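Survey of secondary and tertiary structure
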2 protein chains.
Amino acid sequence: MLSIAEENYIKRLVYLSLENGAGDGVGTNELATGLQVKPSTANDMLKKLRQKELIDYEKYGKIHLTELGTKIGMEIIRKHRLWETFLYEKLEFTWDEVHEVAEQLEHIQSEKLVEKLDKFLGFPKFDPHGDPIPNQAGEMQLLAKKMLAAVNVGEQCKMVAVKDNSAVFLNYVVELGLGINNQIEVLSKQDFDDSMEIRINGKTNRVSKKFAQNIYVIAD
Amino acid sequence: MLSIAEENYIKRLVYLSLENGAGDGVGTNELATGLQVKPSTANDMLKKLRQKELIDYEKYGKIHLTELGTKIGMEIIRKHRLWETFLYEKLEFTWDEVHEVAEQLEHIQSEKLVEKLDKFLGFPKFDPHGDPIPNQAGEMQLLAKKMLAAVNVGEQCKMVAVKDNSAVFLNYVVELGLGINNQIEVLSKQDFDDSMEIRINGKTNRVSKKFAQNIYVIAD
DNA sequence: TAATAAAGTTAGTTTAATCTAACTTTTAAT
DNA sequence: ATTAAAAGTTAGATTAAACTAACTTTATTA
Ligand SMILES: [Mn+2]
Ligand SMILES: [Mn+2]
Ligand SMILES: [Mn+2]
Ligand SMILES: [Mn+2]
């Protein structure tokens, strides 16, 4: 059984592995930054995770999750997203509040709890942020989504997820009248700073490049 | 904010204080035994809890929770019993399964979560074992219950709670066809070993003294 | 009341997870 | 091809929570 610290390292490795893409592996400093610890701390943990056969890793090399490590990581992400869905759907939490509490709940150890919770929620496929929920086998439904920043002027799209999960970002999204499954039309782009004008439910707003890089959409 | 270890010490102190009764205080060894640690370990923690003003305690003296310590302890018990109720009422857990998972869930830190959970469950007054759930102020509805072992021959009573929460005991209770709110009639008592014959829904069974000391009833 | 037992404390050790400071290896730039 | 910067590692220290072994205090009992 893994400690909460070990679980957090594994989870972070899953995210960084996905970000870095196919087989590239993850660096020690990158991992440390993601977990807000010093590289030396991460380095110590890497030895432990290797010992437990959760990662492939050799001195000065890149970190790769083993099959076992990936499986365990997906289970943690499954729990996190199921709990977020529970808080949002059943307990009236807002989507900017769920992440913080799910960070704690994801470490509760009980297989039965996860499966019963999944059933209770009606086997949801996506969490409140539009992120796919892995099934019991660790598989999840990936949408062919792209960033709002990549949508061309004049095109319509539909928001399916957010990248940033921070309360400050999510509250801004709500302030703009935007939510999952809402339509967005890109009216113009400013070459100078890559800001764009978008129309949401008839209302027009100018948003920054940074903003547009944190909204996921699909063509519509 | 308290660590999980600290919370477990406080919770155990609440239970032992209640058991020992009014103002008697709790001993170091007793506390250590309850938490399955060595007395020296408990002793170290006592210094920390005193430092944090959660207990009154001096060398070789008895341990007393402060008002703050009691308040925090009741909050943990409130969370434990609310989670047990959630698992039982909403997720189809059986009453012998809920305690173990609630031992983990009781340490989740989120006031909002507790209050929303309470509301979601319809502000329950008792958990699946018949134990009263403290309200937000830390108060709970105490029943004037007594042990089945104390019921006289020929009398009827109603089971309101169990003392032992272990799966092995709870499964035995179910096997006997017994549950919360069931009527029990005491048919006879054996002076030799204090075993008794009881009738539950028309069926007669002989139960041991130990058993009868773990069932709480009220007159009926 | 003196001896013995029980209860409680202290000192020193261990493990997990973190840190800082110093060092080594790899990568990037001149 | 050197050199400087970035990335990664090692050594040693710290903190929390546990332990064992030895000691002290309090309670019990002969
Ligand atoms: Mn989240
Ligand atoms: Mn999410
Ligand atoms: Mn319980
Ligand atoms: Mn209970």
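Preceding block: the structure.
The following paragraphs examine the structure supplied in this document. Computed from a prediction, not measured in an experiment: that's the story for all the values here.

With that out of the way, let us pick up the protein's contact with DNA strand C. Every one of the 22 residues lining DNA strand C counts as a neighbour, but A:Ser3, A:Thr41, A:Lys48, B:Asn43 and B:Tyr57 are closest to it. Each atom of DNA strand C within 4 Å of the protein was assigned to sugar, phosphate or base; sugar and phosphate come to 77%. Side-chain polar atom of B:Lys59 to a phosphate oxygen of DNA strand C: 3.1 Å apart, as the coordinates give it. Those elements that provide at least two residues to the surface near DNA strand C are helix H1 (4-20) and helix H3 (39-51) of chain A together with helix H2 (28-35) and helix H3 (39-51) of chain B.

All names here are of chain A. Taking strand neighbours across the sheet as the criterion, the six strands line up as E3-E8-E4-E5-E6-E7 in an open arrangement whose pairing is antiparallel. One side of each edge strand has no neighbouring strand; the edge strands of this open sheet are strand E3 (146-147) and strand E7 (203-207). By the bridge criterion, five bridges tie strand E6 (residues 196-200) to E7 in an arrangement that is antiparallel. Considered in E7, the bridge of Met196 is made with Val207. Docked against the sheet, helix H7 (residues 167-175) engages strand E4 (156-162), E7 and strand E8 (215-219), running at close to 150° with respect to E4.

Below, the discussion takes up the interface of chain A and chain B. On the side of chain B, 21 residues touch chain A, which itself brings 21 residues to the contact. Summed over both partners, the interface of chain A with chain B buries about 1800 Å², with 68% contributed by carbon and sulfur atoms. Taken together, the connections running from chain A to chain B amount to six salt bridges. If you look at where chain A meets chain B, you find eight residue pairs in polar contact (both at pLDDT 80 or more). Elements that contribute at least two residues to the side of chain A that touches chain B include exactly helix H4 (67-89), helix H5 (98-105) and helix H6 (111-120) of chain A.

Each copy superposes on the other: chain A lies on chain B with an RMSD of 0.1 Å after a rotation of 180° and an axial shift of 0.0 Å. Here the transformation between the copies is reduced to the relation of a two-fold axis. For chain A, the minimum C-alpha distance to the rotation axis belongs to A:Leu105 and amounts to 3.8 Å. Most of the interface of chain A is mirrored in chain B: 100% of its interface residues are interface residues there too.

This paragraph deals with the pairing of E8(A). Sheet analysis places E3(A) next to E8(A), joined by two bridges and oriented antiparallel. Along E8(A), the bridge assignment pairs A:Lys146 with A:Val217.

Calculation notes
Residues numbered from 1 in each chain as written. Chains lettered and ligands numbered in written order. Predicted model: local features only at pLDDT ≥ 70, side-chain atom pairs only at ≥ 80, totals over all residues. Heavy atoms only, no water. Near = heavy atom within 4 Å. Polar contact = N/O pair within 3.5 Å; in protein donor to acceptor, adjacent residues only side chain to side chain. Helix = DSSP H or I, 4+ residues; strand = E, 2+ residues; numbered from the N terminus. Pairing = 2+ DSSP bridges. Contact = heavy atoms within 4.5 Å. Axes fitted to C-alpha atoms, helices over the stretch in contact; angles between N-to-C directions. Buried area = accessible area lost by both parts, 1.4 Å probe. Salt bridge = Lys/Arg side-chain N within 4 Å of Asp/Glu carboxyl O. Least-squares fit on C-alpha atoms with pLDDT ≥ 70 in both.

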